[in-house]
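Spelled out from the first residue to the last, the chains are:
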Amino acid sequence: MINIPTQVLAVDPRDPQPEIIRKAAQSINAGALVAFPTETVYGLGGNALDPRAVQRIFLSKGRPANDPLIVHIAGIDWIERVAVRIPAKTEQLAREFWPGPLTLICPRKETVALAVTAGGEKVAVRAPAHPVAQALLRAADTPIAAPSANRFGHTSPTQASHVWDDLAGRVDLILDGGKCPIGLESTVLDLSVDPPVILRPGGITRENLERVIGEVHLASRSNPGGSSEQPPSPGMLDRHYSPAARLILVASNNRQAAVERIRALLQAHILEDIKTGVLTVNEEIHQYSDLNVEVISLGSILDLGQIATNLFAGMRTLEQAGIEVILTTDFGQKELGLAIHDRLNRAATQVIHLE
Ligand code: TXA
Ligand code: MG
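Right, let's walk through the structure included here. Along every chain, residues carry numbers that run from 1 in the direction the sequence is written. Throughout, the order in which chains and ligands are written sets their labels, letters from A for the former and numbers from 1 for the latter. Given that the model is predicted, a residue must reach a pLDDT of at least 70 before its local features are reported, and side-chain atom pairs must reach 80 or more before they are shown or counted; all residues, however, enter totals for whole chains, interfaces and linings. Side-chain calculation: all heavy atoms of the structure are included, whereas hydrogens and water are not.

1. Points about helix α7 (residues 255–272)
Helix numbering and strand numbering both begin at the N terminus, where a helix is a DSSP run of H or I of at least 4 residues and a strand a DSSP run of E of at least 2. Here the expected length of a helix is defined as 1.5 Å per residue gap, with one fewer gap than residues. Its 18 residues give α7 an end-to-end C-alpha distance of 26 Å, which sits within 8% of 26 Å, the value for a rise of 1.5 Å per residue. Burial classes: relative accessible area under 20% of the type maximum marks a residue as buried, over 50% as exposed, and values in between as partly exposed (1.4 Å probe, protein chains only). Along α7, the residues that are buried comprise Ala258, Val259, Ile262, Arg263, Leu265, Leu266 and His269. Residue contacts are defined here by distance: any two heavy atoms, one from each residue, within 4.5 Å place the two residues in contact. Elements in contact with the buried residues of α7: β12 (246–251), β13 (276–280), β15 (325–329) and β16 (350–353). Looking at where α7 begins, the residue whose side-chain oxygen comes 3.1 Å from the main-chain nitrogen of Gln256 is Asn254. Note on α7: the residue one or two positions beyond its end, Asp273, has a positive phi of about 60°. The definition of a polar contact used here is a pair of N or O atoms within 3.5 Å, where within protein one atom must be able to donate a hydrogen and the other to accept one, and adjacent residues in sequence count solely through side-chain atom pairs.

2. Considering the site of ligand 1
The criterion for a residue being near a molecule or strand is simple. One of its heavy atoms has to lie within 4 Å of it. Near ligand 1 you find 25 residues, and of these Thr40, His72, Ser148, Ser186 and Arg200 are the closest. Between ligand 1 and Arg63 there is a distance of 3.0 Å, counted from an oxygen atom to a side-chain nitrogen or oxygen. One of the side-chain N or O atoms of Asp67 is found 2.9 Å from an oxygen atom in ligand 1. To measure how exposed things are, a 1.4 Å probe is used in the Shrake-Rupley method; for residues, cover is taken only from the protein chains shown. Relative to its unbound accessible area of 670 Å², ligand 1 is 96% covered by the protein chains. Broken down by secondary-structure element, the contributors of at least two residues to the shell around ligand 1 are β4 (70–72), β6 (122–126) and β10 (197–200). Within the shell around ligand 1, the residues separate by chemical class into twelve nonpolar, seven polar and six charged. Residues are grouped as follows: Ala, Val, Leu, Ile, Met, Phe, Trp, Tyr, Cys and Pro are nonpolar; Asp, Glu, Lys and Arg are charged; all remaining types, including Gly, are polar.

And the structure:
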């Protein structure tokens, strides 16, 4: 059992109070763990140059030691603190998209604790844009290793209460800066291969990247049949973003067909007394109003950004309502749809493909 006192401090997400940031930075410098908001999801931060702090991150999350962490830096001016031999395309992308939701795989500098990279010679680096993350990095004046601040295998936290639910007693301080604006984790791009490969789609889309550096490939989803083949990034394990409830994803280009399939499943589940909830969109919520089930709208179908922002929180809300099965649809694979598609497929225990 881990049971350390966890303090929660509210912080202004736009204009963080210097005294709160100073306290959080002192904690980081003392080797403590600080959960903080980023524009993507909350991070569980520790000094990336301090092997003991890094080890505490793995223990706190229950994360296997072979799954490397992202190192957060304030901006491109810090990159030489964590990486060496920065390739031209990496620099180009960093100049274009940092600070922001893009993680670039770089050759590791030896000052970065080896545990961060799971013993490997490549380090994942990102400069977060969120004012609290920026202020914390600048005040601590050290690179901060930070995975998403959830227990390993659980849905990433997009608000401080999610961090508390997963990590109370396992983290020294939680900075509560409200909701994360993007709501999905950063894009992870491997530039050690040519063309570069997206290991995890996220807030910076494939289209965004290709406009700057040309062709970019997408790593194929690993291990569907549980083959022994090693996934390119351990975070690409199929079941990774799982709510406690089972999630059934209905994938179809025909939205009305998907709605009808979900209605049929709901009716069957009501008869079988299986507590079932739906994640839907504003335009379709009325289609379930005659059924007595929990229905959450993620936003408008016309705004993928809104759907992304609300997705993980929607899963957690249904889970806390004691829902056993979550039913939802896919939202295409263009632009941000690809990242949503990726998270839904990883969370799903079953995917139903309709014509
Ligand atoms: O948006 C984000 O990236 C958030 C916030 C806190 O910045 N962080 C985050 O970290 O999602 P985490 O640890 O939950 O996911 C990091 C992903 C994992 O899939 C991991 O396997 C991959 O990045 N990764 C980290 N270092 C890597 C490396 N050296 N090579 C390949 N993949 C790496
Ligand atoms: Mg994570």
